[in-house]
Structures are given as structure tokens and as C-alpha cells.
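# Structural description and commentary
Residues per chain are reported as follows:
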Amino acid sequence: MKWIACTIVLLACTFARGIDTSALINNQLDTVQNLKLDTTLPDALQQIGNQTGVRLTVDPTVYELLPWGEETTIKANIQNRTLRQGLSAITQKLALEYVLADESVQLRPMPALRRLGRRATVDELGVLDLMTTNTID
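Residues numbered from 1 in each chain as written. Predicted model: local features only at pLDDT ≥ 70, side-chain atom pairs only at ≥ 80, totals over all residues. Heavy atoms only, no water.

## Considerations on the environment of Leu 29
Its place among the elements puts Leu 29 in helix H2 (residues 21-29). Between the alpha carbons of Leu 29 and Val 105 there is a distance of 9.6 Å; along the sequence they are 76 residues apart. (Helix = DSSP H or I, 4+ residues; strand = E, 2+ residues; numbered from the N terminus.)

What follows is the structure, encoded as C-alpha cells:
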């Protein structure tokens, strides 16, 4: 009798893991959102997660490379844009990128920011933002 209960629990765990969370996250990234943020980066990510259901994580090196670390503030008013567009706007200004991880969206430094190997200045973030928005045709 115990082995039947164990088998049921194992099957339930296997089924739960089988759900493709990346598909669910991608679906949420394409939904239109209204986000008004005026807080620190960690709090903004928590607020976005609470509002959208998408868990946002941060590569530990992000805070080591941003000018104010975990105290970096985000001021954004994103209206009638997808979550994907909102995250792109936020991350680009901070020389970050986001990638779909196993069960979350992870923010990490853009390669150029990572290559600095030190805390970036505000001017350097501005240059990196300019470089990503302006392309040579």
C-alpha cells in the first residue's frame, strides 16, 4: 500500500516538472502591461513579478557593475506595452539584458558592461545605451 502512495507522489512530481514554464513565461512577456515604477531595482523587479506573475532574478554580478549597486533606482512609466518591451527599455538603460532561465527571467550584464570588470559610471551607462540604440547601416 505504501508503494502505491509513493508511486502516486512520484508521478505527480514528474508531471509538475513536465509543465513547460518557458512557454508560460513567454506568453506573459507578450501580454500588454501598465507599469509605473519609481523605486530601487530589486523592489522594481519584485513589483513587476507581483503584477505579472513572472519571476525575475538577477545575476549577482549585476549589482557589482552598476554605479549604485542594489540601490540603483528605476523610474519608468510603461503604458500599453508588452512586458517584453518594458523589460527591454529598463534593461537597455542599465546596460543589462534579460534571458529566459528555467523558471524565471534573469537579468544579466551586457557583454560590454561585463568586460569593464568594475563598477560602471553613469556616463559609461549612457554611452552603452547610445551604442545599443544607434546602429550603423
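## A word on the sheet that holds strand S2 (residues 56-58)
With mixed pairing, the 3 strands of this open sheet are ordered in space as S2-S5-S4. Single-partner strands in this sheet number two, and they are S2 and strand S4 (96-100). Sheet twist, expressed as the mean angle between neighbouring strand axes with direction ignored, is 30°. Pairing of S2 with strand S5 (residues 105-109) involves 3 bridges; the strand directions are parallel. Following the sheet pairing, Leu 56 is matched in S5 by Val 105. (Pairing = 2+ DSSP bridges. Axes fitted to C-alpha atoms, helices over the stretch in contact; angles between N-to-C directions.)

## What about the packing of H2 against helix H5 (residues 83-93)?
Between H2 and H5, whose axes approach to 6 Å, the crossing angle comes to 80°. Looking at the two axes, H2 sits roughly perpendicular to H5. Contacts between H2 and H5 involve Asn 26, Gln 28 and Leu 29 on the former and, on the latter, Leu 83, Arg 84 and Leu 87. When grouped by side-chain class, the residues that make up the contact of H2 with H5 number 3 nonpolar, 2 polar and 1 charged. (Parallel < 35°, antiparallel > 145°, perpendicular 65-115°, else oblique. Contact = heavy atoms within 4.5 Å. Nonpolar A, V, L, I, M, F, W, Y, C, P; charged D, E, K, R; others polar.)

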